[in-house]
Amino acid sequence: MTIAAVSTPRAAGGIAVIRISGEDALGIAEKIFDGKRPTQMQGYTCAYGRITDGTEVIDDAVVTVFRAPHSYTGEDVCEISCHGGIYVSERILSLLYENGASPAAAGEFTERAFLNGKMDLTSAEAVMDMISAQGRAYLRKAENVKSGHLYRRIAGYRDRLVTLLGNISAWIDYPEEDIPGISDSEIISELSDIESGLSAISRSYYNSQLIRNGIDTVIIGKPNVGKSTLMNALAGCDRSIVTSVPGTTRDIIEESIRIGETVLRIADTAGIRDTEDIVENAGIERAIERAKRADLVIAVFDNSLPFTDEDEKICGVECEKRIACVNKSDEEGKFDESRLHGFDSVIHISAKNGDISELEKLLSGEFIETADEFLINERQKKCLDRAQACIAEARGSVGNITLDAINIVLDDALSALLELTGERVSDTVVSEVFSHFCVGK
Ligand code: GDP
C-alpha cells in the first residue's frame, strides 16, 4: 500500500512537504505532476514543475525522488515541496488520495522504516524525541539514541547472553564431546558483568525523566522569607502574590521555568510554620508531602532573622536533592548559617534585588547528569528491568538449580532485550510505540 501525508505542520508557512511512500509512490506522483516524470528520475534527484488535477493547475512545486531501499522508509519515496498554505497542501494530498494513495497513520513512515530494517526500535523512538527536543542536552541524547548508540550497547549484552546460552547448552547437550566446561563461577561472573552494564544504562532513566518533563521543584520556607519573590525572580514576572504579611502564599502554584539547559517545574508552596491556623496548616502539610515527591527542594531562609525551630524543621524536609538559599543577603546578617544541615549546597541570594545568580549557576546545566548518553523511555526501562531481574535470578540460582533451568531464565532475559531493540517484538508493542508519533513522520 502506498501512503501519503503532509509532513510539515498544519499551518501557513514558506513551504509544505507532502510525503508519499510505497510501491506506487512515483507513479502516483507522476499522475499529478506536470514536469519531469518521477518514474524516470534517478534517486536523490529533484525536478521543478506544476501540480495539476488534469484541468486546473493547483500549484508549482518541486518533487524529490528517493528510490528503494535508499530512502527513509526503505521504499520508493517521493516528496512534494509546495507552497506552504493549508488549503494548497490539503488539496494536493486529496489529489494523491484520488490517484491511489492511502492516508498515512501516525508515525507510519517511521514504522515502515523500522519494519523494513532501516532502523531498530530505539532509533525509531528517538526520532520523536528529536522532534520534541527543546534543549541542547535533550537533542544530543536523542541524537545518540537515533544514531544507534543505545541499540549497539544493548546488542553487545545481547550477544554475550547468546554466547553464554550457547555455551551452557553445548555443555548440557554434548557432555561426552570435547567441549571445554564452563564453571559456576565463570557463569556468575559473566552474569554479574552483564547485569551491572544493563543497570548503568537503566540509571539514565531518572535523568531522562528530568530532561523530558522538567525537574519537579518545591520552594519551601517559613512565611515571609521571600519564596514568592524568588519564584517571580526566576520566572521573570509577577506570578505569585508577594506581600509582607506572613502566610499569604497558601496554595501551590505551578510554573515551568527554563534556566540554561534545565527546566524546572516549580511549585511555590505555603510556608512551613507552627500555627493553629487550619487553612495554613493544611498548606504546610501539603508542602512537606509535596517535597517528598519532588526531585528538588529549594529551601529559603531569611538572612535578616535568627535561625528558629521552624528553620530546623525545614532542614528535616525529605527530598532527592536539596538546596538551601539564604535570602535577603542585602540585609544585615542575623542568620546562623552553621546550623543548616542536610543540604547539598548552601547559597546566598537577594530575590528582591534579582540577585539570584548563585542559584541560576547551580541549576544551570550542572543539575542534570550530563554524563548520561541516552534518553531512556518507560518502555525501554521496563525491558531493561525485566532483563536485569531475570539475570539476577539466574545468577542467584547457579549451583542450586539445573543448568537447563538457568537457561530458561536467561532466555527470558534475552527476550526482554530483543523486545527493547524491536528484534523480537509483538505487533501490539509496535503499534503502541508508533501511535504516539505525529502523522507525516
Ligand atoms: P513568602 O511569604 O516567603 O512568599 O515571602 P514574599 O516573597 O512574600 O516576601 C516577603 C517580604 O520579604 C516582601 O516584603 C519582600 O519584598 C521581602 N523580600 C523578599 N526577598 C527579599 C530580599 O532579597 N531582600 C529584602 N530585603 N527583602 C526581601
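Everything quoted here is computed from the prediction, not taken from an experiment.

1. Structural notes on the pairing of strand β11 (residues 296-302)
Next, step 1: Burial runs high along β11: seven of the seven residues are buried.
Next, step 2: Burial along β11 is two-sided: Leu-296, Ile-298, Val-300 and Asp-302 facing one way and Val-297, Ala-299 and Phe-301 facing the other are all buried.
Next, step 3: Sheet analysis places β11 next to strand β12 (residues 321-327), joined by seven bridges and oriented parallel. Note on β12: the bridge partner recorded for Val-300 is Cys-325.
Next, step 4: In this view, the connection linking β11 to its parallel neighbour β12 by way of helix α10 (residues 309-315) has right-handed handedness.

2. A short note on the side chain of Asp-59
Next, step 1: With respect to the helices, strands and loops of the structure, Asp-59 is situated in strand β5 (residues 57-66).
Next, step 2: With no salt bridge to any partner, buried Asp-59 finds its closest opposite charge in Arg-50, at an N-O distance of 8.8 Å.
Next, step 3: Side chain to side chain, Asp-59 and His-83 meet in a polar contact 2.5 Å long.
Next, step 4: Other than its neighbours up to four places away in sequence, Asp-59 contacts Gly-49, Arg-50, Ile-51, Cys-82, His-83, Val-88 and Ile-92.

3. Side note on the packing of aromatic side chains
To describe a pair of aromatic rings, one takes the distance between the centres and the angle between the planes.
Next, step 1: Following the criterion strictly, the structure yields six aromatic pairs and no others.
Next, step 2: Consider the rings of Phe-114 and Phe-434, whose centres lie 6.2 Å apart with planes at 35°: the pair is tilted. You can see Phe-114 sitting in helix α3 (residues 108-115) and its partner Phe-434 sitting in helix α14 (residues 427-435), a full 320 residues away along the chain.
Next, step 3: Note on Phe-434: relative accessible area 1%, which makes it buried.
Next, step 4: Relative to Phe-335, the ring of Phe-307 lies with its centre 5.6 Å away and its plane at 45°, an arrangement referred to as tilted. With Phe-307 in the loop between β11 and α10 and Phe-335 in the loop between β12 and β13 (345-348), this residue pair connects regions lying 28 residues apart in the sequence.
Next, step 5: Within the aromatic cluster, the residues linked to one another by ring pairs are Phe-301, Phe-307, Phe-335 and Phe-343.
Next, step 6: Directly above the aromatic system of Phe-109 lies the positively charged group of Arg-19, at a separation of 5.3 Å from the ring centroid.
Next, step 7: Of note, Arg-322 hangs over the ring of Phe-343, and the distance from its end group to the ring centre comes to 5.7 Å.

Rules used throughout
Position numbers for residues start from 1 in each chain and track the written sequence from start to end. Per-residue local features of the predicted model are confined to residues with pLDDT of at least 70, and side-chain atom pairs are confined, for both listing and counting, to 80 or more; whole-chain, interface and lining totals are unaffected and use all residues. As a rule here, side-chain values come from all non-hydrogen atoms in the structure, and water together with hydrogens is ignored. Remark: exposure states derive from per-residue accessible area (1.4 Å probe, protein chains only) relative to the maximum for the residue type, with buried under 20%, exposed over 50%, and partly exposed in between. The secondary structure listing takes helices from DSSP runs of H or I that are at least 4 residues long and strands from runs of E that are at least 2 residues long, numbered from the N terminus. Any two strands with at least two DSSP bridges between them are considered paired. Orienting the strands away from the viewer, one traces the path from the first strand over the helix to the second; a clockwise path indicates a right-handed crossover. Neither His nor the chain termini are counted; the positive set is Lys and Arg, and the negative set is Asp and Glu. One speaks of a salt bridge when a side-chain nitrogen belonging to Lys or Arg is within 4 Å of a carboxyl oxygen belonging to Asp or Glu. Nitrogen and oxygen atoms within 3.5 Å of one another constitute a polar contact, given that in protein one can donate a hydrogen and the other can accept it, and given that sequence-neighbouring residues count only through two side-chain atoms. Here, two residues are considered to be in contact whenever any of their heavy atoms come within 4.5 Å of each other. Only the six-membered ring of Trp is used, alongside the rings of Phe and Tyr, when aromatic pairs are assigned; centres must lie within 6.5 Å, and planes under 30 degrees apart are stacked while those over 60 apart are edge-to-face, with the rest tilted. Counting as a charge over the ring demands two things of the Lys NZ or Arg CZ atom: a distance within 6 Å of the ring centre and an angle within 35 degrees of the ring normal.

So yeah, pure geometry; function would need other evidence.
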